[in-house]
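Descriptive analysis of the structure
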Amino acid sequence: MVDIFNPEVSKVIKGMKGKSVLIYGANRTGKTSNLVKAPKPLVCCFENGLNAIDSIKNIKVKKWNDWTSFVRQLTSDATIEKAKELYSTIIVDTVDGMADLAAEFICGVYGVSRINEGNRGYGLWKEYSQEINKWLKLLVNSGYTVCFIAHEGEREFS
């Protein structure tokens, strides 16, 4: 039961543990170069963005199941201790690439070719959002710093 006479008191948590950050900008502005300087980075490559940076640990993601496997390995009870010894910063390169794979996955699950075709024309935006957030929350709630890279420009959703 909620007790309004004995509420919790918030505390500012120092550092970046369990936080998320978005770095946005044009190509070749050093977004990735700067983020890989964070403590114990692991780059989750939804696109080829590490061609000009040597010796960075990374995982290539080609389909949504690669992403979910990646997150499970970082957060499961069986592997989290070992993963945290190696990594504390997870870099998502790029948000657009992740969004595209999530959309492709949701469309496959619901048997449509575009998100807006699902749910009798109202779209599968809620399902799409929930699918992305489910996996991101696992990472952040497990104490990783999650950094997102996004490129400037307009994006068309269909």
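Residues numbered from 1 in each chain as written. Predicted model: local features only at pLDDT ≥ 70, side-chain atom pairs only at ≥ 80, totals over all residues. Heavy atoms only, no water.

This part covers the packing of helix H4 (residues 95-110) against helix H5 (residues 125-141). The geometry of a pair of packed helices is captured by two quantities: the angle between their axes and the separation between those axes. Contact geometry for H4 and H5: axes closest at 9 Å, N-to-C directions at 125°. Comparing their axes, H5 and H4 come out oblique. Crossing handedness for the pair H4 and H5: right-handed. Residues Met-98, Ala-99, Ala-102, Ala-103, Phe-105, Ile-106 and Tyr-110 of H4 form the contact with H5, whose own contacting residues are Glu-127, Tyr-128, Glu-131, Ile-132 and Leu-136. Here the contact of H4 with H5 is built from residues that sort into 10 nonpolar, no polar and two charged. (Axes fitted to C-alpha atoms, helices over the stretch in contact; angles between N-to-C directions. Helix = DSSP H or I, 4+ residues; strand = E, 2+ residues; numbered from the N terminus. Parallel < 35°, antiparallel > 145°, perpendicular 65-115°, else oblique. Left-handed = near helix turned anticlockwise from the far one by under 90°. Contact = heavy atoms within 4.5 Å. Nonpolar A, V, L, I, M, F, W, Y, C, P; charged D, E, K, R; others polar.)

This brings us to the state of the cysteines. Within this structure, the stated rule accounts for zero disulfides. Residue Cys-44 stays outside any disulfide, its sulfur separated by 7.0 Å from that of Cys-45, the closest cysteine. (Disulfide = S-S within 2.5 Å.)

The amide bond that connects Asp-93 to the next residue, Thr-94, takes the cis arrangement and shows omega of 5°. Here Thr-94 lies in the loop between strand S4 (89-93) and H4. The phi dihedral of Lys-40 falls on the positive side, at around 40°, and the residue is not glycine. Phi at Asn-119 takes a positive value of approximately 55°, unusual for a residue other than glycine. With respect to the element layout, Asn-119 can be found in the loop between H4 and H5.

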